Amino acid sequence: MPFSAQPPASGERYALSASLDNARHLSSLLRAVHFQDHATCFATALGLRVTVEDAKCIQANAFIQAEIFQEFSVQEELVMFRISLSVLLDCLTIFGTSSLPGTSTALRMCYRGYGYPLMLFLEEGGVVTVCKINTQEPDELLDFDFCSTNVVNKIILQSEGLREAFAELDMTSEVLEITMSPDKPYFRLSTFGNAGSAHLDYPRDSDLMEAFHCNETQKNRYKISLLKPSTKALALSCKVSIRTDAQGFLSLQYMIRNEDGQLCFVEYYCCPDEIITEAEL
Amino acid sequence: LSRIGDELYLEPTESGLSLRAVNSSRSAFASFLFAPLFFQLYDPGIDGPDAEVFRCKVHMKSFLGIFRSLPSLEKSVGKCLILLKPNASHLVLQLHCKYGVTKTHNLAFQECERLQAVFDIQSCASRLCAPARVLVEAVVHFPPTLAEVTLGTGAGGKISLRNYVEDEAEQSKTMVTELWLAEDEFQSVAVSPGSHITFCLKEFRGLLSFAEASNLPLTIHFDEPGRPVVFTLDDTVLEVHLVLATLSDLESNSQAPSTNGVSHLATPSDDFADDLESYMAAMETSEAGEGGPPSPTFPLHTPQPAESNPEEEEEEEEGAVPGTPPHKKFRSLFFGSLMTPGRPGPSTTQEVLAEDSDGEC
């Protein structure tokens, strides 16, 4: 149900103002990166980016393009603030999280600028809720400097094949080891837990494999506790791209189709726990 | 099997793969024997009659974890390979899934001695056979927390099931449920009238669910109180046995308990009811004969195969190894007493050897 926004009082300019007919388009994506309490929000003319980090090892970004919103306007080149993601999610889902067909929560978001709180107007079935969430000074964020030219190995998989694997990862293992190779086992996920080791192999000619570009054999280990939250993004997505660079840094990019069929992206970057060089393999 | 014990024993034999479990108090034992025909490929790796049989045990939870979600297994797994190579350090379980995906689990295992409860179905005086459904519907009347149930045979071939209340004094305070099943509910009834046995319902429920799911009739073999009750399921490719200890009767004091028999068995982990030794006497039949006191020291070497009852399974042993885990002493022994860990001790006692605070004589 379209929501007619309260027009800003004359003379007031909002650094960021946006309207969304279905707040779930935003909340479900934010949930996929909600593994820390706080997040940094970036708004540009292109859209909204929400970043969450942990342990200086892992970073997750949720992208919601401007086109997803019914209205999206940014007055400065870049609007940036830190906010409690937990509180933001609680507000966005204030009318409940169950998605009944035909009902949706409409959202209007306003941010006046540095030092001001983020204002949310949420409406469902004629009931309006106004939320004011304090914003903070943005933290310095990690720059993984992960660019396509440094990519050594890349595969694109249909998420369906990985969902169960990630949900059932042996959490008694400290690490998740990812092997990518032009030779067998091609793509392997390994855990080393209390019961013993487990390996999940995906052959390069599997129906799940949409793209397979592995140039050299790489085996990298990542702290499983850091990667486990990415399971939420995996659950929402239809495809995932897995890339590693020469240092073993991992990039996971999830393509998510929302209820209206629009595409959004979530990405996770993770640094390796230990680097095993080819010589040690 | 996980309802019985924490460890899964695997034993590949010529007649199939046997999976077994025993509970911590040694009052319940179960074995599932899958015939070679059950498998697409079965190679027990036994070359010749003298070849050493490889036996191992793994943590039940680790093994079960591999088969965690049955619905998704049915949907996505095509084949399962269980492989143990000579001198391997892990047991390999490999699931071949949809889309060419392979899931390989390397499980740590421990080599072990044969786990076998000694029991003899042929010598049981009574036998009942019923479709699992009949027993499921009977058992549903008892609360899920009920520990023991008494199965009895009455006049006119009727079979009764009644919850067991241990303390006489509490009888008036607890709800007693008793139900009677007519002879025609069973597929076959061959019982000695007026007999009854009391066994642990919890351990039985596990087998009952399996029987119901696999639609197999359940046969119950039992004898006097104190002697184990054996539940069996039979299929062309599967043979299941569940052996449970039963409570010995206060009244049937026919066998004089012997101190000798029990003393060497008093290991720290076990609290024995003295009704044990009457059963033990029966256990050591192969060498000591019937009813007499068992030998003071537990034979660490198995009785000669020639002397053992042909119905009983052969026990192959390599002899005692110093420092072997205590439970190895019990490999061929099956306890007739009902022991529930955590309780001060079974209340029905004859002459108590290991006295508990409530010891009655």
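Remember, it's a predicted structure, so these values are computed and weren't measured experimentally. Every chain begins its residue count from 1, and numbering advances along the sequence as written. As a convention, the first chain written is A and the first ligand written is 1, with the rest following in written order. Selection of residues for local features in this predicted model requires a pLDDT of at least 70, selection of side-chain atom pairs for listing and counting requires 80 or more, and totals for whole chains, interfaces and linings are taken over all residues. Where side-chain values are given, they derive from all heavy atoms of the structure, hydrogens and water being excluded.

Description of the domain arrangement of chain A
Often, the extent of an interface is quoted as the loss of accessible area on bringing the components together. Residue and element names in this part refer to chain A. Where each domain begins and ends is defined by an automated method or by a domain database. Domain boundaries in chain A define domain 1 (16–136) and domain 2 (151–270). Placing a centre on the C-alpha atoms of domain 1 and another on those of domain 2 gives a separation of 27 Å. By definition, the buried area sums, over both parts, the 1.4 Å-probe accessible area that each loses when the two are put together. Buried area between domain 1 and domain 2, both sides added, is near 1,700 Å², and the carbon and sulfur share of it is 58%. Area buried by domain 1 at its contact with domain 2 is led by His-25, Ala-32 and Ile-58, which between them contribute 30% of it. A pairing counts as a salt bridge when a side-chain nitrogen of Lys or Arg comes within 4 Å of a carboxyl oxygen of Asp or Glu. Remark: the boundary between domain 1 and domain 2 carries one salt bridge. We note a salt bridge from Glu-259 to Arg-24, for which the minimum N-O separation is 2.6 Å. Pairing of N or O atoms within 3.5 Å defines a polar contact, subject to two protein rules: one partner must be a possible hydrogen donor and the other a possible acceptor, and residues neighboring in sequence count only if both atoms are side-chain atoms. For the interface between domain 1 and domain 2, the tally reads ten residue pairs in polar contact (both at pLDDT 80 or more). When contributions to the side of domain 1 that touches domain 2 are tallied by element, the ones reaching two or more residues are α1 (24–31) and β4 (58–65). To qualify as a helix, a DSSP run of H or I must reach at least 4 residues; to qualify as a strand, a run of E must reach at least 2; elements of each kind are numbered from the N terminus. Top element by residues in the side of domain 1 that touches domain 2 is β4. It accounts for seven residues. Broken down by class, the residue content of the side of domain 1 that touches domain 2 amounts to eleven nonpolar, seven polar and four charged. Each residue gets one of three labels, nonpolar for Ala, Val, Leu, Ile, Met, Phe, Trp, Tyr, Cys and Pro, charged for Asp, Glu, Lys and Arg, and polar for the others, Gly among them.

Considerations on the pairing of strand β17 (residues 237–245) of chain A
Residues and elements named next belong to chain A. Burial within β17 is extensive, with seven of its nine residues counted as buried. Paired strands, in this sense, are two strands between which DSSP finds at least two bridges. Here strand β11 (residues 151–158) pairs with β17 via seven bridges, running antiparallel. Bridge pairing in β17 places Ile-155 opposite Ile-242. As paired elements, β17 and strand β18 (residues 250–257) share seven bridges and run antiparallel to each other. The residue of β18 that forms the bridge with Ser-241 is Gln-253. Where β17 folds back on β18, the antiparallel hairpin that results is connected by four residues, among which Gly-248 adopts a positive phi of roughly 90°. Each residue's exposure class comes from its accessible area (1.4 Å probe, protein chains only) as a fraction of the maximum for that residue type: buried when under 20%, exposed when over 50%, partly exposed otherwise.

Quick look at the domain arrangement of chain B
Residue and element names in this part refer to chain B. Domain boundaries in chain B define domain 1 (7–111) and domain 2 (126–247). With centres defined by C-alpha atoms, the gap from domain 1 to domain 2 works out at 30 Å. Facing twelve residues of domain 1, the contacting portion of domain 2 comprises 13 residues. Overall, the association of domain 1 and domain 2 removes approximately 970 Å² of surface from exposure, summing both partners, and the carbon and sulfur fraction of that is 61%. Here domain 1 and domain 2 share zero salt bridges between them. Along the contact surface separating domain 1 from domain 2 lie six residue pairs in polar contact (both at pLDDT 80 or more). Residue composition of the side of domain 1 that touches domain 2, grouped by class: nine nonpolar, three polar and no charged. We call two residues contacting when some pair of their heavy atoms lies within 4.5 Å.

As for the interface of chain A and chain B
Counting residues at the interface gives 15 residues for chain A, matched by 16 residues for chain B. Between chain A and chain B, the buried area comes to about 1,300 Å², and carbon and sulfur atoms account for 47% of it. Three residues, Glu-168, Ala-195 and His-199 of chain A, lead the burial of chain A against chain B; their summed loss comes to 34% of the area buried on that side. Inspection of the chain A/chain B interface yields one salt bridge. Ionic pairing is found between Glu-168 of chain A and Lys-103 of chain B, a salt bridge with its closest N-O pair at 3.0 Å. In this assembly, chain A and chain B are joined by seven residue pairs in polar contact (both at pLDDT 80 or more). Every element with two or more residues in the side of chain A that touches chain B is listed here: α3 (160–167) and β14 (196–202) of chain A. Among the elements that make up the side of chain A that touches chain B, the one with the highest residue count is β14 of chain A (seven residues). Taken together, the residues that form the side of chain A that touches chain B break down as six nonpolar, four polar and five charged. Relative to strand β7 (residues 102–108) of chain B, β14 of chain A runs antiparallel, the two sharing six bridges. Residue Leu-200 of chain A lies in a different strand from β7 of chain B, and its bridge partner there is Lys-103 of chain B.

Thoughts on the packing of aromatic side chains
All names here are of chain A. Note on aromatic contacts: the rings of Phe and Tyr and the six-membered ring of Trp form a pair at centre separations within 6.5 Å, being stacked when their planes are under 30 degrees apart, edge-to-face when over 60 apart, and tilted otherwise. The full count for this structure, using the stated rule, is 16 aromatic pairs over all chains. Arranged with centres 4.9 Å apart and planes meeting at 40°, the rings of Phe-69 and Phe-72 form a pair that is tilted. For the pair Phe-69 and Phe-72, a shared accessibility class is recorded, and that class is buried. Seen from their ring centres, Tyr-186 and Phe-212 are 5.9 Å apart, and the 80° between their planes marks the pair as edge-to-face. Here the residue Tyr-186 occupies a position in the loop between β12 (175–180) and β13 (187–192), and Phe-212 occupies one in strand β15 (residues 209–214), the gap between them amounting to 26 residues. The residues Tyr-186 and Phe-212 share a single accessibility class, namely buried. By definition here, charges over rings are those cases where NZ of Lys or CZ of Arg is within 6 Å of the ring centre and within 35 degrees of the ring normal. One residue, Arg-221, lies across the ring of Phe-192, its end atom 4.4 Å from the ring centre.

Side note on the nonpolar core
Ranked by size, the top nonpolar core spans 134 residues in total, and within it Leu-120, Phe-187 and Tyr-202 of chain A together with Phe-204 of chain B carry the most contacts. Tyr-9, Val-22, Cys-112 and Val-230 of chain B belong to the second-largest nonpolar core, a separate cluster that totals nine residues. Only buried residues count toward a nonpolar core, which is a set of Ala, Val, Leu, Ile, Met, Phe, Trp, Tyr and Cys residues joined through side-chain atoms within 4.5 Å.

Quick word on helix α4 (residues 201–214) of chain B
Residues and elements named next belong to chain B. Compared with the 20 Å implied by 1.5 Å per residue over 14 residues, the 20 Å span of α4 between its first and last C-alpha is a close match. Restricting attention to buried positions, one finds in α4 the residues Leu-201, Glu-203, Phe-204, Arg-205, Gly-206, Leu-207, Leu-208 and Ala-211. A positive phi of about 60° marks Asn-215, the residue just after α4. Take the number of residues in a helix, subtract one, and multiply by 1.5 Å to get its expected span.

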